[in-house]
Amino acid sequence: LYRRLRADPTCTHNEVVWTLRITPEDAPLETAQELQALLDRLAEEYNADTSITVELPDVTYDAPVSMGCAVTLKGSGTAFAAPVTVTPLSDTERCHAYVRFSEVSFEGDGSGTGVTARAPTYLENCRVTGWDVGALAVNGGWVYLHGGYIGGNGVGARYDSAYSNSYTYTIRHIDFLNNTTALELLCLPPNSYAALDDCRFRGNGTDVYNPGGYRIEVNNGTEVTL
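Residue positions are counted from 1 within each chain, in the order its sequence is given. Selection of residues for local features in this predicted model requires a pLDDT of at least 70, selection of side-chain atom pairs for listing and counting requires 80 or more, and totals for whole chains, interfaces and linings are taken over all residues. In computing side-chain values, all of the structure's heavy atoms are included and hydrogens and water are not.

**Some thoughts on the overall build of the protein**
Consideration 1: For helices the rule is a DSSP run of H or I covering at least 4 residues; for strands it is a run of E covering at least 2, with both sets numbered from the N terminus onward. When its secondary structure is counted, the protein shows 1 helix and 20 strands.
Consideration 2: A globule of 226 residues ought to have a C-alpha radius of gyration of about 17 Å, and the protein, at 18 Å, matches this closely.
Consideration 3: Overall, the protein is about 60 × 45 × 30 Å in size when its C-alpha atoms are taken along their principal axes.
Consideration 4: Only protein chains enter the calculation, and the probe is 1.4 Å; a residue is then buried if its accessible area is under 20% of its type maximum, exposed if over 50%, and partly exposed in between. When each of the 226 residues of the protein is scored for burial, the buried share is 48%.
Consideration 5: Here a residue-residue contact requires only that any non-hydrogen atoms of the pair lie within 4.5 Å. Put simply, of all contacts in the protein between residues at least 6 apart along the chain, 50% involve residues at least 24 apart.
Consideration 6: Computed with the Shrake-Rupley method and a 1.4 Å probe, the accessible areas treat only the protein chains shown as cover for residues. When the accessible surface of the protein is totalled, it reaches about 11200 Å², and 45% of it is carbon and sulfur.
Consideration 7: For the protein, the centre of its 15 positive side-chain charges and the centre of its 28 negative side-chain charges are spaced 7 Å apart. Two things to know: the radius of gyration comes from C-alpha atoms, and the globule rule equals 2.2 Å times the number of residues to the power 0.38. Counted as positive: Lys and Arg. Counted as negative: Asp and Glu. His and the chain ends are not counted at all. Here the site of a charge means atom NZ of a Lys, CZ of an Arg, CG of an Asp or CD of a Glu.

**A few points about the pairing of strand 14 (residues 155-164)**
Consideration 1: Here, a strand pair is defined by DSSP locating no fewer than two bridges between the strands. Pairing of strand 12 (residues 133-140) with strand 14, which is carried by 6 bridges, proceeds in the parallel orientation. In the strand pairing of strand 14, Val138 is matched with Asp160.
Consideration 2: For strand 14 and strand 16 (residues 181-187), the ladder comprises 5 bridges, and the chain directions are parallel. The partner of Ala157 across the bridge, within strand 16, is Leu183.

**Focus on the pairing of strand 2 (residues 51-55)**
Consideration 1: Where strand 1 (residues 19-22) lies against strand 2, 4 bridges are found, and the strand directions are parallel. Bridge pairing links Arg21 to Thr53 in strand 2.
Consideration 2: Handedness of a crossover is defined as follows: orient the strands so they point away from the viewer, and if the path from the first strand over the helix to the second runs clockwise, the crossover is right-handed. Chirality of the crossover, the property in question, places the unit of strand 1, helix 1 (residues 32-45) and strand 2 among those that are right-handed.
Consideration 3: Summarising the sheet, strand 2 and strand 5 (residues 71-74) pair through 3 bridges and their orientation is parallel. Looking at the pairing, Glu55 lines up with Lys74 of strand 5.

**Some remarks on the pattern of salt bridges**
Consideration 1: The term salt bridge refers to a side-chain nitrogen of Lys or Arg lying within 4 Å of a carboxyl oxygen of Asp or Glu. The tally for this structure, following the rule as stated, stands at 9 salt bridges.
Consideration 2: Across the pair Glu45 and Arg41 runs a salt bridge whose closest N-O atoms are separated by 3.5 Å. Pair noted here: Glu45 and Arg41 are both in helix 1, with a separation of 4 residues, about one helical turn.
Consideration 3: Under the relative-accessibility criterion, Glu45 is labelled partly exposed at 46%.
Consideration 4: Look at Arg41 and you get partly exposed, because its relative accessible area is 37%.
Consideration 5: Between Glu124 and Arg100 there is a salt bridge; the shortest N-O distance is 2.4 Å. Of this pair, Glu124 sits in strand 11 (residues 120-129) while Arg100 sits in strand 8 (residues 99-102), and the two are 24 residues apart along the sequence. A single burial state applies to Glu124 and to Arg100, both of which are buried.

**Topic: the sheet that holds strand 7 (residues 84-86)**
Consideration 1: The 7 strands are arranged 4-7-10-12-14-16-19 in an open sheet whose pairing can be described as parallel. This sheet does not close on itself; its edge strands, each paired only once, are strand 4 (65-67) and strand 19 (206-209). When the angles between neighbouring strand axes are averaged without regard to direction, this sheet yields 10°.
Consideration 2: Both strand 4 and strand 7 contribute to a ladder of 3 bridges, which runs parallel. Across the sheet, the residue bridging to Met67 is Val86, located in strand 7. Under this scheme, a helix contributes an axis fitted over its contacting stretch, all axes are lines through C-alpha atoms, and angles between N-to-C directions fall in the 0 to 180 degree range.

**Concerning the nonpolar core**
Consideration 1: Counting residues in each nonpolar core, the largest one holds 60 residues, and the members touching the most others are Val54, Phe80, Phe101, Phe106, Leu145 and Tyr159.
Consideration 2: The residues contacting Val54, other than those within four sequence positions of it, are Ile22, Leu29, Leu38, Leu42, Val71, Thr72, Leu73 and Lys74. The nonpolar core is taken to be a set of buried Ala, Val, Leu, Ile, Met, Phe, Trp, Tyr and Cys residues, with the residues joined through side-chain atoms within 4.5 Å.

Put into structure tokens, the structure is as follows:
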């Protein structure tokens, strides 16, 4: 890639961000092994200053996938039927790096964890169903929930993270339906809280399990039993 830049003494801080878009026409993406091979190659060849979007095909990935690079995975009828792990992301000193899932499904068989986040991870308009734990944030990681459905899990979303280089308090536009426990707040970073914005809780055994007594804000029509 090449770009001509012009600067003078009046310039302040600037960034140049390369954006790469990868589609099934550019790389084989039909199996979990092919997706894993692409993710491993991206982690080796690019740092977190490069914005990468991978457009996934209409397939079901039936083997575990691990990702250690900053990337957006955009689905089109795409499902993950085996656990997905976001590992700590490398080369993130200069920028906020994260993994983003958009419009994909995580479909379990009643066991295991759908998504384990050891780095900042976005689930946008995703469907998470059929897991012992649907989405899990552990130390170093966070799960951003914005739009979508989390239902039919033992625990829908569990937060057990004492620190992360990026996190937000708001869980927005999520339907938590028919989980044994919809939301668990086991450990949050210092001075943080949970804000439930336009969420729907129906048919759960427990809506929110909050043994640490973290502050919870309920906004914009959210109906929840605390």
